[in-house]
Amino acid sequence: ESNLVNGDGTSPCIVNCVGYDSVPWDLGAWAVTKYLKQKHDATCYEAFGHTGKSKGGVSGGTIASALHLMANTPMATMKRMGSPHFLTKNEQGPSDND
């Protein structure tokens with residue numbers, strides 16, 4: 001949309017549907033901004049999320065994944081997975097001894 005211009009004269013980058021269902025929007029937005037920075041030296045200054053009405057439920061694949069996880073993952077690890085920092089390099093969630 002050529003008529004969109006930021007205050008500094010640059011054009012905004014609008015990315016539609018960066019996440020839904022299996023990929024959270026914030027993770028999708030992060031991946032897109034990382035790509036734009038690496039490939040085009042573009043910086044993301046703002047990200048907005050919007051959801052509308054939806055209906056759905058748990059799919060058979062989701063149930064199978066949960067059953068597989070519970071059958072093959074130690075309880076201590078599953079507790080740590082509850083931390084929002086579980087996937088970070090220096091995870092600061094509950095330890096195996098908690």
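Sequence order sets the numbering: in each chain, residues are counted from 1 along the sequence as written. Two thresholds apply to this predicted model, a pLDDT of at least 70 for residue-level local features and 80 or more for giving and counting side-chain atom pairs, whereas whole-chain, interface and lining totals are computed over all residues. Working from all heavy atoms in the structure, the side-chain values ignore hydrogens and water.

A.B. asks: Quick question: what am I supposed to make of the overall build of the protein here?
C.D. replies: Working definition: helices are DSSP H or I runs of at least four residues, strands are E runs of at least two. Numbering for both runs from the N terminus. If you tally the helices and strands in the protein, you get three helices and zero strands. When the helices and strands of the protein are read in sequence order from the N terminus, they spell out α-α-α. Only protein chains enter the area calculation, which uses a 1.4 Å probe; residues under 20% of their type maximum are buried, those over 50% are exposed, and those in between are partly exposed. Buried residues in the protein amount to 8% of all 98 residues. Contacts: residue pairs with any heavy atoms within 4.5 Å of one another. Summarising the internal contacts of the protein: among those between residues at least 6 apart in sequence, 5% fall at separations of at least 24.

A.B. asks: I tried to follow unusual backbone geometry on my own but got confused; where do I start?
C.D. replies: One can expect most non-glycine residues to show negative phi and most peptide bonds to be in trans. Of note, the phi angle at D41 is positive, near 50 degrees, even though the residue is not glycine. For D41, a relative accessible area of 56% gives the class exposed.

A.B. asks: Which parts of the structure should I look at to understand the environment of M81?
C.D. replies: By secondary structure assignment, the location of M81 is in the segment after α3 (75–80). A relative accessible area of 35% means that M81 is categorised as partly exposed. Other than its neighbours up to four places away in sequence, M81 contacts L69, T73 and F86.

A.B. asks: It is not clear to me how helix α1 (residues 25–40) should be interpreted in this structure. Could you clarify?
C.D. replies: Helical geometry: 3.6 residues make up each α-helical turn, so side chains three or four residues apart lie on a common side. Here, expected helix span is obtained from the residue count minus one, scaled by 1.5 Å. Helix length check: α1 (16 residues) gives 21 Å between terminal C-alpha atoms against 22 Å at 1.5 Å per residue, within 8%. Three or more residues of α1 are buried, namely G28, A29 and L36. Seen from one end, α1 has its buried residues packed into an arc of 100 degrees, which puts them on one side. Backbone geometry just downstream of α1 places D41 in the positive-phi region, at approximately 50 degrees. Think of the arc as the fan of directions from the helix axis to the C-beta atoms.

A.B. asks: How should a nonpolar patch on the surface be read in this particular structure?
C.D. replies: Patch construction takes residues with relative accessible area above 30% that form no salt bridge. Like charges are linked within 9 Å, and nonpolar side chains (Val, Leu, Ile, Met, Phe, Trp, Tyr) are linked within 5 Å. Each accessible area value is a Shrake-Rupley result obtained with a 1.4 Å probe; residue values ignore everything except the protein chains displayed when judging cover. In the sections that follow, a salt bridge refers to a side-chain nitrogen of Lys or Arg positioned within 4 Å of a carboxyl oxygen of Asp or Glu. Together, V58, I63, L67 and M70 make up a nonpolar patch on the protein surface, roughly 410 Å² of accessible area in all. For L67, the position within the fold is in helix α2 (residues 60–72).

A.B. asks: What should I look at first to understand the pattern of salt bridges in this one?
C.D. replies: When the charged atoms of two side chains with opposite charge come close together, those side chains can pair. Summed over the entire model, instances satisfying the criterion amount to one salt bridge. K37 is the salt-bridge partner of D41, the closest N and O atoms lying 3.2 Å from each other. Judged by relative accessible area, K37 falls into the partly exposed class, the value being 40%.

A.B. asks: I'm lost on the confidence of the model for the protein in this one. Help?
C.D. replies: Across the protein, the average pLDDT comes to 77, with 77% of residues at or above 70. Mean pLDDT across the secondary structure elements of the protein bottoms out at α1, with 85, and peaks at α3, with 92. Residue-level confidence of the predictor is what pLDDT reports, using numbers from 0 through 100.

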